[in-house]
Amino acid sequence: MPRPRSIRLIAPSGYCQNQIAAKRGIERLSIEHTIDNTTVIGRREQRFAGTDHERLNDINELAQLSSLPDIILAARGGYGASRLLEAIDYAGLQRRFANQPTAICGHSDFTAIQLALLAQADLVTFSAPMLAGNFGADPLSSFTQTHFWGILTQPSYTLTWQDTQPLTGSWQGQLWGGNLAMICSLVGTPWLPKVTGGILAIEDINESPFRVERMLLQLYHAGILSQQKAVITGSFTHGEPNDYDAGYQLTSVWDYLQKKTGVPFITQLDFGHDADTVTLPIGAQANLIAQEKQRHLQLSGYPYLVD
């Protein structure tokens, strides 16, 4: 088990509908760690985890903390982060978090805030497990926990997995991405970082293959996709093709976009909304290596928790 850490909860997106899972997550984390700001899990305004002002304050008040926690953890995703982007105190957050060993963690809808922090404040955050869906899951994934604490407590980290197609090569660049729908929602806005020569990691949930292709084509038509060195595809949970697709599936999408852009698509990484997920530092440096069907992703240049 990792040594005790201080964790501060934030809830900038949807109401935490699964209160049992959220409380289970708090109970589990509290065994070894100190949890602060737990009242956010009970807040509600319509479908949101509180009013826009309350949820915005979850983010902006971080710039004013006299003592930073080790981990800032989103309670859940859903929807709501997009409402906050234009009012976030990017300058204040940049001043407070620059060169600080604090891990800002979340995924899904939180991708919008993570990419905005990268674009506006040059802050590296973690596409990582969240309170309710991951730490409160029943059962708890040891795979997810191992990778979460592993990367957060080391200055460099390597992920290794098996792909389905043989390929040999290596690509270096800035790692960025997260939830594909949220990435596309930021196209044409100041909140999407301008990454060229990067490695784009994507995942999503409840999106069928044709919707995934349409979103990737949006990135292609916007001139973004072709500027990347490689794309890593994670989990696309509950996105199975139906009878109408007649064999058209996600592998068809990857093949089509790879041929269209010349950008290699590296698949099969456990990353996203499935129970088993790795933690990725958004904005860090990455070295991606393919050796036949073996894949290695070497990560560095991110904030990590010091002893």
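As the structure is a prediction and not an experimental result, all values here were calculated from the model. Here the residue index of a chain counts from 1 through its sequence in written order. For a predicted model such as this one, the threshold for reporting local features is a pLDDT of at least 70, and the threshold for listing and counting side-chain atom pairs is 80 or more; totals across whole chains, interfaces and linings nevertheless cover every residue. By convention in this description, side-chain values take in all heavy atoms of the structure and omit both hydrogens and water.

Caption draft 1: Spotlight on the overall build of the protein chain. Strands are runs of DSSP state E lasting at least two residues, helices are runs of H or I lasting at least four, and both sets are numbered from the N terminus onward. For the protein chain, the helix and strand inventory stands at nine helices and 13 strands. Note on method: radius of gyration uses C-alpha positions; expected globular size equals 2.2 Å times residues raised to 0.38. For a compact globule of 307 residues, the expected C-alpha radius of gyration is about 19 Å, and the protein chain comes in at 18 Å, within 12% of that figure. Over its C-alpha atoms, taken along the principal directions, the protein chain stretches across nearly 50 × 40 × 40 Å. Classification of the 307 residues of the protein chain by burial places 57% in the buried group. Look at the contacts in the protein chain between residues 6 or more apart in sequence, and 81% of them connect residues 24 or more apart. Residue-level accessible areas treat just the shown protein chains as cover; the underlying method is Shrake-Rupley with a 1.4 Å probe. Summed over all atoms, the accessible surface of the protein chain reaches about 13100 Å², with 46% contributed by carbon and sulfur. Distance between charge centroids for the protein chain: 3 Å, based on 22 positive and 28 negative side chains. A 1.4 Å probe rolled over the protein chains alone gives each residue an accessible area, and that area as a share of the maximum for its type sets the label: buried under 20%, exposed over 50%, partly exposed in between. Residue contacts follow a heavy-atom distance rule, with two residues in contact if any of their heavy atoms lie within 4.5 Å. All tallies of charge rest on Lys and Arg as positive and Asp and Glu as negative; His and the ends of each chain are not included. Every charge is mapped to an atom, namely NZ of Lys, CZ of Arg, CG of Asp or CD of Glu.

Caption draft 2: Structural context of the packing of aromatic side chains. Pairing of aromatic side chains here covers Phe, Tyr and the six-membered ring of Trp, requires ring centres within 6.5 Å, and sorts the geometry by plane angle: under 30 degrees stacked, over 60 edge-to-face, intermediate tilted. Within the structure shown, the criterion is met by seven aromatic pairs. Between the aromatic rings of Phe 135 and Phe 148, the centroid separation amounts to 5.3 Å while the plane-to-plane angle is 75 degrees, which identifies the pairing as edge-to-face. In this pair, Phe 135 sits in helix H5 (residues 131–135) while Phe 148 sits in helix H6 (residues 142–152), placing the two residues 13 residues apart along the sequence. With respect to burial, Phe 135 and Phe 148 carry one shared label: buried. Centroid distance Trp 254 to Phe 265: 5.9 Å. Interplanar angle 25 degrees. Geometry classified as stacked. In this pair, Trp 254 sits in helix H9 (residues 250–261) while Phe 265 sits in strand S10 (residues 265–266), placing the two residues eleven residues apart along the sequence. An identical accessibility class is assigned to Trp 254 and Phe 265; each is buried. Connected via pairs of aromatic rings, a cluster forms that spans Phe 135, Phe 148 and Trp 149.

Caption draft 3: Representation of the sheet that holds strand S6 (residues 156–162) in the model. Pairing is mixed across the open sheet formed by seven strands, whose spatial order is S6-S13-S12-S7-S8-S9-S10. The open sheet has two edge strands with one neighbour each: S6 and S10. Strand pairing is assigned whenever DSSP detects at least two bridges linking the two strands. As paired strands, strand S7 (residues 169–179) and strand S12 (residues 285–291) are joined by six bridges and run antiparallel to one another. Residue pairing for S12: Gln 174 is matched across the bridge by Gln 285.

Caption draft 4: How the structure looks around the sheet that holds strand S3 (residues 71–74). Judged by pairing direction, the sheet is mixed, and its six strands sit side by side in the order S2-S1-S3-S4-S5-S11 without closing on themselves. Of all strands in the sheet, those bounded by a partner on one side alone are strand S2 (34–36) and strand S11 (280–282). On average, adjacent strands in this sheet sit at an angle of 30 degrees to one another, irrespective of strand direction. The sheet contact formed by strand S1 (residues 6–10) and S2 spans three bridges and is parallel. Residue pairing for S2: Arg 8 is matched across the bridge by Asp 36. Note on definitions: angles span 0 to 180 degrees between N-to-C directions of axes, and those axes are lines fitted to C-alpha atoms, for helices only across the stretch in contact. Against the sheet, helix H1 (residues 19–30) makes contact with S1, S2 and S3, and its axis sits at roughly 140 degrees relative to S2, the strand it touches most.

Caption draft 5: Up close: the packing of helix H3 (residues 90–97) against helix H4 (residues 111–121). Two elements in contact, H3 and H4, have axes separated by 10 Å at closest approach and are oriented at 85 degrees. In terms of orientation, H3 and H4 fall into the roughly perpendicular class. Listed contacts from H4 to Tyr 90, Leu 93 and Gln 94 of H3 are Ala 116, Leu 117, Gln 120 and Ala 121. Here the nonpolar group is Ala, Val, Leu, Ile, Met, Phe, Trp, Tyr, Cys and Pro; Asp, Glu, Lys and Arg are the charged ones; every other residue, Gly included, is treated as polar. Grouping the constituent residues of the contact of H3 with H4 by class yields five nonpolar, two polar and no charged. Small angles under 35 degrees read as roughly parallel and large ones over 145 as roughly antiparallel, with 65 to 115 read as roughly perpendicular and the rest as oblique.

Caption draft 6: Looking closely at the environment of Gly 239. With respect to the helices, strands and loops of the structure, Gly 239 is situated in the loop between strand S9 (230–237) and H9. Taking relative accessible area as the criterion, Gly 239 reaches 5% and is therefore assigned buried. Expressed as a C-alpha distance, the spacing of Gly 239 and Trp 149, which sit 90 residues apart in the sequence, is 29 Å. Apart from residues lying up to four places away in sequence, Gly 239 is in contact with Glu 207, Ser 208 and Pro 209.

Caption draft 7: Representation of the pairing of strand S4 (residues 103–106) in the model. The alternating pattern of S4 places Ala 103 and Cys 105 and Ile 104 and Gly 106 on opposite faces, both of which are buried. Where S3 and S4 come together, three bridges link them in parallel fashion. For Ile 71, the partnering residue across the bridge sits in S4 and is Ala 103. Here a crossover is taken to be right-handed if, once the strands point away from the viewer, the path from the first strand over the helix to the second is traced clockwise. Following the chain from S3 across H3 to the adjacent parallel S4, one finds a crossover that is right-handed. Both S4 and strand S5 (residues 125–127) contribute to a ladder of two bridges, which runs parallel. Counterpart to Cys 105 in the pairing with S5 is Phe 126. On the question of chirality, the crossover connecting S4 to the parallel S5 by way of H4 is right-handed.

Caption draft 8: Molecular detail of the state of the cysteines. Pairs of cysteine sulfur atoms within 2.5 Å are identified as disulfides in what follows. Taken as a whole and assessed by the stated rule, the structure comprises zero disulfides. Here Cys 105 stays unpaired: no disulfide links it, and the sulfur of Cys 16, its closest cysteine neighbor, is 17 Å away.

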